[in-house]
Amino acid sequence: MLNLEEIQQLMEEDRISDKKKFARKGQDYYEGDHDIKGYRLFYYNADGNLVEDKTRSNVKIPHAFFAELVDQAVQYMLSGSDGFIKSDFPELQSELDLYFNCNEDFTSELSETLTGCMSKGFEYMYAYKNQDDRISFQCADSLGVVEVRTKESDSETEYIIYSYLDRVERNRKKITRIQVWDRERVYFFLMTDKGKIIKDESEKLNPKPHAVYEHGKKIYYKGFGFIPFFRLDNNKKQFSCLSPIKDLIDDYDLMASSLSNNLIDFDTPIHVVKGLEGDSMDELIQNLKTKKVLGLEAEANSGVDIKTVDIPYQARLTKLELDEKNIYRFGMGLNTSGLKDTNATTNIAIKAAYSLLDLKCSKLEIRLMQFLRKLIKPVLSEINERNKTDYQMKDIYFDFKHEVMSNAQENAQIALTEAQAKQTEINTLLNLASNLDNETLMQNICGVLDIDYEEIKDKLVNPLEFEEDVNNATNNLDDAVDDR
């Protein structure tokens, strides 16, 4: 077991690592905390010294493109209404639905995991036993997870250190809880601010097995036999989706903020006053602000000229539009500004707009399937143990179905065309009814209507007799109307 000094050293080394630095930057941009917020203006004064300019406007506007791109991808991947973990065995499918597909808690935690994976580069889930004695999963913030490798192999994890902020007390002291997980137990510790780590005395059972059972007056303990932490990587290098578009977002923030600064600084015209004498400049400025009137000496060279500055906003707007286009292009997202008039946009154009988003999600789905199989493995063992079955991993597969917006008017037109085509086929068959036997005719009609002929053949009537009955009923109704 790790001692307190080792835990503190490992946490500190992990905190200052490049991997966590990049992850924190991705998290900052997802939350709208961009580099533009630290933007400062400087100038050289008369002495040649570089000093900060605190008189000019310095608007700092972050634009949350990254959050939109991440949320788009997460929603697109989880858009299937009936889940994506499937089995051809109805009994196993019912069990899987309880754990995954029909479990709102799991869907919520998986959404958080995917969000963290794309925004930070990697994210974790950990397993635990819920009150129903079933394995459940919860998202673990990757910024607080430290993987401790074994001395023999760098690829095998011996411990997981998981820390999270528990509360902030009245004196602004931050209380951080720390858990150290191995294959059988979890150890609990506390840290105040960034002080020393101490044992958590509030935990009655420390260390505590992964699962604790109460049966009558007896308490049973059981470990999973593995460290119940599972990592989902965004890519092989564990880089977030921010990497290819960060500079573009920074440029967009700078262009938009600079345009706002120009509009603020040059909003009021410059007054050039001629023929002003004495110490009346303050009075002149006050009159200009309040009364909008200036009084000058009646001399030939006196007067006021108003100068305005033309702001080169068109160049900035062009640059903003180019940056926005490239952000969605290299961020592989859906730019909805290109789909303003949905009624005039065909389904082919809409699918083309989704192509980059679909490509990005398809790549991540491969890693997601590998990740989900790691989650399913202990769940499948629990199902087999509870139900005395022998289901295998090969009995489970994944079926991702994504919802894509479409042109409702075009869909209605397509449906109408298909219905008219079926009606034409049926009318043609009915016109040939005298040349076909009843069974052949009904088989062809069922084929057009996508009906299984074998299931309904015992309930069918002769179509010619049916048509004759309909005609008789129509004639009788017409006679009744004439009698009245």
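The structure contained in this document is the topic of the report that follows. (Residues numbered from 1 in each chain as written. Predicted model: local features only at pLDDT ≥ 70, side-chain atom pairs only at ≥ 80, totals over all residues. Heavy atoms only, no water.)

### Some remarks on unusual backbone geometry
The condition is simple: The numbering of helices and of strands both runs from the N terminus, where a helix is a DSSP run of H or I of at least 4 residues and a strand a run of E of at least 2. Note on classification: 1.4 Å probe, protein chains only; a residue is buried when its accessible area is under 20% of the maximum for its type, exposed when over 50%, partly exposed between these limits.
Residue Asn206 is joined to Pro207 through a cis peptide bond whose omega torsion reads 10°. Following the sequence through the fold, Pro207 ends up in the loop between β10 (197–199) and β11 (208–209). Phi is positive for Asp133, which is not a glycine, with a value near 60°. Looking at the secondary structure, you find Asp133 in the loop between β4 (122–129) and β5 (135–140). By relative accessible area, which is 34% here, Asp133 ends up partly exposed. A positive phi angle, close to 55°, is found at Lys388, a residue other than glycine. Its place among the elements puts Lys388 in the loop between α10 (355–387) and β17 (396–398). When its relative accessible area of 73% is taken as the criterion, Lys388 is described as exposed.

### Some points on the packing of aromatic side chains
This is how it is decided: Here the aromatic set is Phe, Tyr and Trp, taking the six-membered ring for Trp, and pairing holds for ring centres within 6.5 Å; pairs whose planes are under 30 degrees apart are stacked, those over 60 apart are edge-to-face, and all others are tilted.
Applying the stated criterion across every chain yields a total of 22 aromatic pairs. Ring centres of Phe65 and Tyr328 lie 6.0 Å apart, and the angle between their planes is 85°; on these two criteria the pair is classed as edge-to-face. Residue Phe65 is located in helix α3 (residues 65–77), and its partner Tyr328 is located in helix α8 (residues 313–330); the two are separated by 263 residues in the primary sequence. With a centroid separation of 5.9 Å and an interplanar angle of 50°, the aromatic rings of Phe89 and Tyr391 are classed as tilted.

### Focus on helix α12 (residues 438–449)
What counts here: To estimate how far a helix should reach, multiply one less than its number of residues by 1.5 Å. Note that the arc is defined by the directions from the helix axis to the C-beta atoms.
End to end, α12 covers 17 Å across 12 residues, agreeing with the expected 16 Å (1.5 Å per residue, within 8%). When we look at burial in α12, the residues that qualify are Leu441, Met442, Ile445, Cys446 and Val448. Taken down its axis, α12 places every buried residue within 155° of arc, on the same side. Backbone geometry just after α12 places Asp450 at a positive phi near 60°.

### Overview of the sheet that holds strand β14 (residues 229–233)
Test applied: The pairing criterion is simple: DSSP has to find at least two bridges between the two strands. Angular values range over 0 to 180 degrees, each being the angle between N-to-C directions of two axes fitted as lines to C-alpha atoms, with helices fitted over their stretch in contact. Should any heavy atoms of two residues lie within 4.5 Å, those residues are considered in contact.
What the 3 strands build is an open sheet, ordered β5-β4-β14; its pairing is antiparallel. Two strands in the sheet have a free side with no partner beyond their single neighbour: β5 and β14. Adjacent strand axes in the sheet meet at a mean angle of 30° when their direction is disregarded. Two strands pair when backbone bridges link them, and β4 and β14 are joined in this way by 5 bridges, in the antiparallel orientation. Within β14, the position partnered with Glu123 by the bridge is Leu232. Along the sheet, helix α5 (residues 104–120) makes contact with β4, β5 and β14, crossing β4 at roughly 155°.

### Here we look at the pattern of salt bridges
Opposite charge on two side chains permits them to pair, given that their charged atoms come into close proximity. Put simply, the test is: Salt bridge, as used here, is a side-chain nitrogen of Lys or Arg placed within 4 Å of a carboxyl oxygen of Asp or Glu.
Tallied over the full model, the rule gives 24 salt bridges. Between Arg15 and Glu12 there is a salt bridge, with its nearest N and O atoms 2.7 Å apart. Of this pair, Arg15 and Glu12 both sit in helix α1 (residues 4–15), 3 residues apart, which is roughly one turn of that helix. Owing to a relative accessible area of 37%, Glu12 belongs among the partly exposed residues under this scheme. Across the pair Asp200 and Arg177 runs a salt bridge whose closest N-O atoms are separated by 2.6 Å. Of this pair, Asp200 sits in the loop between β10 and β11 while Arg177 is found in strand β8 (residues 174–181), placing the two residues 23 residues apart along the sequence. A residue is classified by how much of its surface remains accessible, and Asp200, at 2% relative accessible area, is buried. For Arg177, a relative accessible area of 19% corresponds to the buried category. Three or more residues joined by partner-sharing salt bridges are found here, namely Asp166, Arg167, Glu169, Arg177 and Asp200.

### Notes on the packing of α3 against α5
Quick note on the threshold: In this scheme, roughly parallel covers angles under 35 degrees and roughly antiparallel covers those over 145, while 65 to 115 is roughly perpendicular and the rest are oblique. When the near helix sits turned anticlockwise from the far one by under a right angle, the crossing is termed left-handed; a clockwise turn instead gives a right-handed crossing. When residue character is reported, Ala, Val, Leu, Ile, Met, Phe, Trp, Tyr, Cys and Pro are called nonpolar, Asp, Glu, Lys and Arg charged, and the others, Gly included, polar.
At a minimum axis distance of 10 Å, the contact between α3 and α5 shows a crossing angle of 135°. One finds that α3 runs oblique with respect to α5. Crossing geometry of α3 relative to α5 is assigned as right-handed. Contacts from Phe66, Val70, Ala73, Val74 and Met77 in α3 reach Ser111, Leu114, Thr115, Met118 and Ser119 in α5. Taken together, the residues of the contact of α3 with α5 break down into 7 nonpolar, 3 polar and no charged.

### Comments concerning the side chain of Glu382
If you trace the backbone, Glu382 turns up in helix α10. For Glu382, a relative accessible area of 7% translates into the label buried. When near neighbours in sequence (up to four residues on either side) are disregarded, Glu382 contacts Tyr99, Lys129, Asp133, Arg134 and Ile135.

### A few points about the packing of helix α2 (residues 18–30) against α3
Where α2 contacts α3, the two axes come as close as 7 Å, and the packing angle between them is 95°. On the basis of their axis angle, the class for α2 and α3 is roughly perpendicular. Listed contacts from α3 to Gly26, Tyr29 and Tyr30 of α2 are Phe66, Ala67, Val70 and Asp71. Across the contact of α2 with α3, the residue classes break down as 5 nonpolar, 1 polar and 1 charged.

### Some details on a nonpolar patch on the surface
Condition: Note on patches: the residues involved have over 30% relative accessible area and no salt bridge, like charges join within 9 Å, and the nonpolar side chains Val, Leu, Ile, Met, Phe, Trp and Tyr join within 5 Å. Per-residue and other accessible areas were derived by the Shrake-Rupley procedure at a 1.4 Å probe size, with only the shown protein chains allowed to occlude residues.
Taken together, the side chains of Leu205, Val212, Ile219 and Tyr221 make up a nonpolar region of the molecular surface, amounting to roughly 330 Å² of accessible area. With respect to the secondary-structure elements, Tyr221 resides in strand β13 (residues 218–222).

### Description of the nonpolar core
Rules: Buried Ala, Val, Leu, Ile, Met, Phe, Trp, Tyr and Cys residues that are joined via side-chain atoms within 4.5 Å together make up what is termed a nonpolar core.
Ranked by size, the top nonpolar core spans 57 residues in total, and within it Phe100, Leu110, Leu114, Phe137, Leu368 and Phe371 carry the most contacts. The greatest single-element share of this core, amounting to 11 residues, is contributed by α10. Once residues lying within four places of it in the same chain are set aside, the contact partners of Phe137 are Phe100, Phe106, Glu109, Met125, Tyr126, Ala127, Tyr128, Phe230, Leu375 and Val379.

### A word on the environment of Ala64
Assignment of secondary structure puts Ala64 in the loop between β2 (50–52) and α3. By relative accessible area, which is 44% here, Ala64 ends up partly exposed. Remark: the alpha-carbon pair of Ala64 and Asp33, spanning 31 residues in sequence, is separated by 8.9 Å.

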